[in-house]
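Residue-level listing of the chains:
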Amino acid sequence: MCSIFGIIIKQKTETTPIESTLTALKMLEYRGYDSAGIASKGDKALQIWKTQNKDNKAEGVDMLRKQMTEMGVISFPTQIVIGHTRWATHGEISQKNAHPHSSQDGNFAIVHNGIIENYIELKEFLRSKGYYSVSDTDTEVLVNLIEYRWNETGRISFEVAVRQAVSEIEGAFAIAVITSSEDKMIVASRSGGLFVGITAYGFVIASDQSALVAHTKDCFEVESDCLVVLTPEKYEKRTIVSNQEVVPDIKKIELEISQIQKNGYEYFMQKEIFEQPKTLTDALRGRVRPFEGIIKLRGIEEHLRRIVQAKKITIIGCGTSWHAGLVGEYLFEQFTRIPVEVEYASEFVHRNPILGEKDIVIAISQSGETADTLEALALAKKSRATVIGLCNVVSSKIARMAGVGVYLHVGPEISVASTKAFTGQVAVLTAIALLVGRQKGTITESDYMRHITELAELPSVVEKYLPYFDIVAKEIAYEQLHSDHALYLGRGYNFPVALEGALKLKEISYIHAEGYPAAEMKHGPIALIDEKMPVIVIAPQGDETYKKIIGNIQEIRARSGRVIAIATEGDTEIVSLVEKVIYIPRASEHLIPIIAVVPLQLIAYHNAVMKGLNPDKPRHLAKSVTV
Ligand code: F6R
């Protein structure tokens, strides 16, 4: 949610600092694209350029580059630059609300990610001191406060002014501030999620390690309640409140540039859908070992006994991660016979949940930064339940807070709509459920062996079907989805898949879509069926719900609805009942979600592209929901 990038250099670099900032902001734009802006320190004053995203085109950084190129300022002589892409919280999407914000007298410029909760009180206070805001943002209040404290303390120290001002604000934040009076950049955080990269020519800062890789692989985090003062030559990390020096924990970034590029695909979403055979392999590699007949999940090994003895498992997450959690509910109940509850993280925190020492809480989050999931996790930790994190981003906040967990290892997910993370989450949940079930004795040895073999083969199954899914999904997106509404139906394991298919369609194609358990249709949604309504039904053979689902399809047909079915290869009967069929291979019912979701991802993707929408950056959304 919002992205920050900055650079401070001691010697000339191949690309100018402004050019490097624009390139990094383009990469980070998936975190928020309501506007983009850059501030840099010139000889005497700070310069700011910014632009707002127009018509939901999500091309703010491109527009900024164009503007700055036309103005001839890309090679503006500077050693210090900060940049930002915004996901609006306080104040509409506009030029005046775009970051960076300058202080009233122009001595400071700031970029900010987070929310300043007491900004109204601070704004009042500053107004009484003669400071007026130009924008509607909470951020401008902070930069004015820095300037006010700087003036008040005799303009002696930039650092003292920043330290004092950030101590007065409430809420979580990550900021980068520069001044016209010193060759310094100060970054501070009360939430973590800001990284400093160390290079031969100086330092780079970013809210996501992926933006540092073009410069360096050595970085450290600006942890919560820390502040780092950067000059072109050195850095100093200290605590905000007690001003104690902190030795940074310098780590290597485990990312290759190719992982964060499109590599020939038109969009990241397309790349990430097509990567799934590989990402599923990576998620299962070394963990699911059919030849040895074992599942090895080091991250939870020590806690396995507690999981086996658990009274209840509660799964928390948001959006797509919550859908993966719903599949997890079926998996754990089938294989371990442990009761499971799946909760929206945002609701969980307000429910005073009943949890104790014998409970297990699994927090699922691709980014590992989602504020609601983080808050829910903190609550679960207090209850002394065993908390397990299922995150993709290594060392992310949720992963660290959980302490115990399994990484997805599906690589960076850049498209806002989650795809490969979902299949990775379900694959890892399947492995955990099978492992616990075996330990608990709730699954027979022969079933266990059969299931782990089938799980290990899943990536190649997805690989084989992907080209076919792509062709049919494109046809459906072009021929069947001309409505403003769509229904997705599934039963059992495939109910969460219906929810996920509907979510993908609404978020990137802006078609109103609903996912339902197929049998629920007759309790209300059936009233929506008419000849214009496409209904996508996940109807695999092989379990007892198949006949019932066929019954549901008949009910839709009887009301002139248009059915698109996801059916098992070889099911010729269904052809006469529906407008279009997507065949999936025969597989155990618990593995169908990972296969069946892929054509649904592709339908949404093609529909968005067909409409000229950018599937990577749907309107109003951002990748990491950190507020
Ligand atoms: C949907 C989507 C979101 C996320 C949700 C949780 O495509 O991406 O619904 O799944 O915001 O994000 P994480 O998994 O990062 O906690």
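Residues numbered from 1 in each chain as written. Predicted model: local features only at pLDDT ≥ 70, side-chain atom pairs only at ≥ 80, totals over all residues. Heavy atoms only, no water.

(A) Up close: the overall build of the chain. Counting secondary structure elements, the chain contains 18 helices and 26 strands. Relative to the compact-globule value of 25 Å for 627 residues, the chain shows a C-alpha radius of gyration of 26 Å, a close match. Each of the 627 residues in the chain was classed as buried or not, and the buried ones make up 61%. Across the chain, contacts joining residues at least 24 apart in sequence account for 72% of those joining residues at least 6 apart. Total accessible area computed for the chain in this model is approximately 24200 Å², and 50% of it derives from carbon and sulfur atoms. (Helix = DSSP H or I, 4+ residues; strand = E, 2+ residues; numbered from the N terminus. Rg over C-alpha atoms; globule rule 2.2 N^0.38 Å. Buried < 20%, exposed > 50% of the residue type's maximum accessible area, 1.4 Å probe, protein only. Contact = heavy atoms within 4.5 Å. Areas by Shrake-Rupley, 256 points an atom, 1.4 Å probe, with all protein chains shown as cover.)

(B) Structural view of the sheet that holds strand β5 (residues 101-102). Ordered in space as β5-β6-β7-β8-β12-β13, the six strands form an open sheet in which the pairing is antiparallel. Each end of this open sheet is capped by a strand with a single partner; those strands are β5 and β13 (235-239). As judged from the five bridges shared by strand β12 (residues 226-230) and β13, these two strands associate in the antiparallel manner. Opposite L227, over in β13, you have R238 as the bridge partner. Sitting on the sheet, helix α4 (residues 138-152) is in contact with β5, β6 (108-114) and β7 (173-179), with an inclination near 135 degrees to β6. (Pairing = 2+ DSSP bridges. Axes fitted to C-alpha atoms, helices over the stretch in contact; angles between N-to-C directions.)

(C) Local environment of the domain arrangement of the chain. Along its sequence, the chain is organised into domain 1 (3-260) and domain 2 (268-610). Relative placement of domain 1 and domain 2: their C-alpha centres are 38 Å apart. Contacts between the two partners involve 11 residues from domain 1 and, on the opposite side, 10 residues from domain 2. Here domain 1 meets domain 2 over a buried area of about 890 Å², counting both sides, of which 47% is carbon and sulfur. When the buried area of domain 1 at its contact with domain 2 is split by residue, Y30, Q259 and I260 rank highest and sum to 45% of it. At the boundary of domain 1 and domain 2, one finds two salt bridges. Between R400 and E221 there is a salt bridge, and its shortest N-O distance comes to 2.9 Å. For the interface between domain 1 and domain 2, the tally reads three residue pairs in polar contact (both at pLDDT 80 or more). In terms of residue class, the side of domain 1 that touches domain 2 is made up of four nonpolar, five polar and two charged. (Domains from an automatic or database assignment. Buried area = accessible area lost by both parts, 1.4 Å probe. Salt bridge = Lys/Arg side-chain N within 4 Å of Asp/Glu carboxyl O. Polar contact = N/O pair within 3.5 Å; in protein donor to acceptor, adjacent residues only side chain to side chain. Nonpolar A, V, L, I, M, F, W, Y, C, P; charged D, E, K, R; others polar.)

(D) Looking closely at the site of the ligand. Looking at the ligand, there are 15 residues lining it, with S321, S365, S367, T370 and E507 nearest. T320 is positioned with one of its backbone polar atoms (N or O) 3.1 Å from an oxygen atom of the ligand. The contact in question runs from an oxygen atom of the ligand to an N or O atom on the side chain of T370, over 2.4 Å. About the coverage of the ligand: the protein hides 90% of its 400 Å² of free accessible area. Looking at the shell around the ligand, the elements that each hand over two or more residues are α10 (319-336) and α16 (494-509). Class assignment of the residues belonging to the shell around the ligand gives a composition of five nonpolar, eight polar and two charged. (Near = heavy atom within 4 Å.)

(E) Spatial organisation of the pairing of strand β23 (residues 512-517). For strand β22 (residues 485-490) and β23, the ladder comprises six bridges, and the chain directions are parallel. By the bridge assignment for β23, G490 is matched with P517. Crossover β22 to β23 through α16 is right-handed. (Right-handed = clockwise from strand over helix to strand, strands pointing away.)

(F) Geometry of the pattern of salt bridges. Under the defined criterion, the tally for this structure stands at 35 salt bridges. With a closest N to O distance of 3.5 Å, D136 and K96 form a salt bridge. With D136 in the loop between α3 (119-128) and α4 and K96 in the loop between β4 (80-86) and β5, the pair connects residues that are 40 residues apart, well separated along the chain. With relative accessibility at 30%, the residue D136 sits in the partly exposed group. Its salt-bridge partner being R351, residue E343 comes within 2.4 Å of it at the nearest N-O pair. For E343, a relative accessible area of 11% corresponds to the buried category. Owing to a relative accessible area of 41%, R351 belongs among the partly exposed residues under this scheme. Within the structure, one salt-bridge network assembled from shared partners comprises K26, E29, D62 and K617.

(G) Inspection of the nonpolar core at higher detail. Core analysis: the biggest nonpolar cluster contains 93 residues, and I295, I300, F332, I362, L390, I432 and Y488 have the highest contact counts within it. Not counting residues within four places of it along the chain, the set of residues in contact with Y488 comprises A498, G501, A502, L505, A513, E514, G515, Y516, I536, L600 and I603. Judged by nonpolar contacts, the second largest core, of 31 residues, contains L28, V61, F76 and A206. (Core = buried A, V, L, I, M, F, W, Y, C linked by side-chain atoms within 4.5 Å.)

(H) Broad picture of the packing of aromatic side chains. Summed over all chains, the structure comprises 14 aromatic pairs. Where F108 meets W150, the ring centres are 5.1 Å apart and the plane angle is 90 degrees; that geometry is what we call edge-to-face. Of this pair, F108 sits in strand β6 while W150 is found in helix α4, placing the two residues 42 residues apart along the sequence. Like W150, F108 is buried. Centroid distance F125 to Y148: 5.4 Å. Interplanar angle 85 degrees. Geometry classified as edge-to-face. You can see F125 sitting in helix α3 and its partner Y148 sitting in helix α4, a full 23 residues away along the chain. The class of F125 is partly exposed, set by a relative accessible area of 28%. The ring of Y510 carries the charged tip of R619 above its face, separated from the ring centre by 3.9 Å. (Phe/Tyr/Trp six-rings, centres within 6.5 Å; stacked < 30°, edge-to-face > 60°. Lys NZ or Arg CZ within 6 Å of the ring centre and 35° of its normal.)

(I) Up close: the environment of V472. For V472, the position within the fold is in helix α15 (residues 445-479). With a relative accessible area of 6%, V472 lands in the buried category. Residues within four places of V472 in sequence aside, it is in contact with K580, V581 and I582.

(J) Looking closely at helix α12 (residues 371-382). With 12 residues, α12 extends 17 Å between its outermost C-alpha atoms, agreeing within 8% with the 16 Å of an ideal straight helix rising 1.5 Å per residue. Residues of α12 that are buried: A371, T373, L374, A376, L377 and A380. Where the residues of α12 are buried, they touch β17 (312-317), α11 (345-348), β19 (359-365), β20 (386-391) and α13 (397-402). Two residues or fewer after α12 comes R384, characterised by a positive phi angle close to 70 degrees. (Expected span 1.5 Å × (residues − 1).)

(K) Just the sheet that holds β19, in detail. Spatially, β18-β17-β19-β20-β21 is the arrangement adopted by the five strands of the open sheet, whose pairing is parallel. Each edge of the open sheet is held by one strand with a lone partner, namely β18 (340-344) and β21 (404-407). The average undirected angle you get between the axes of adjacent strands in this sheet is 20 degrees. For β17 and β18, the ladder comprises five bridges, and the chain directions are parallel. Pairing of I313 across the sheet is with V340, part of β18. Contacts from helix α14 (residues 420-440) reach β19, β20 and β21, with the element oriented near 140 degrees to β20.

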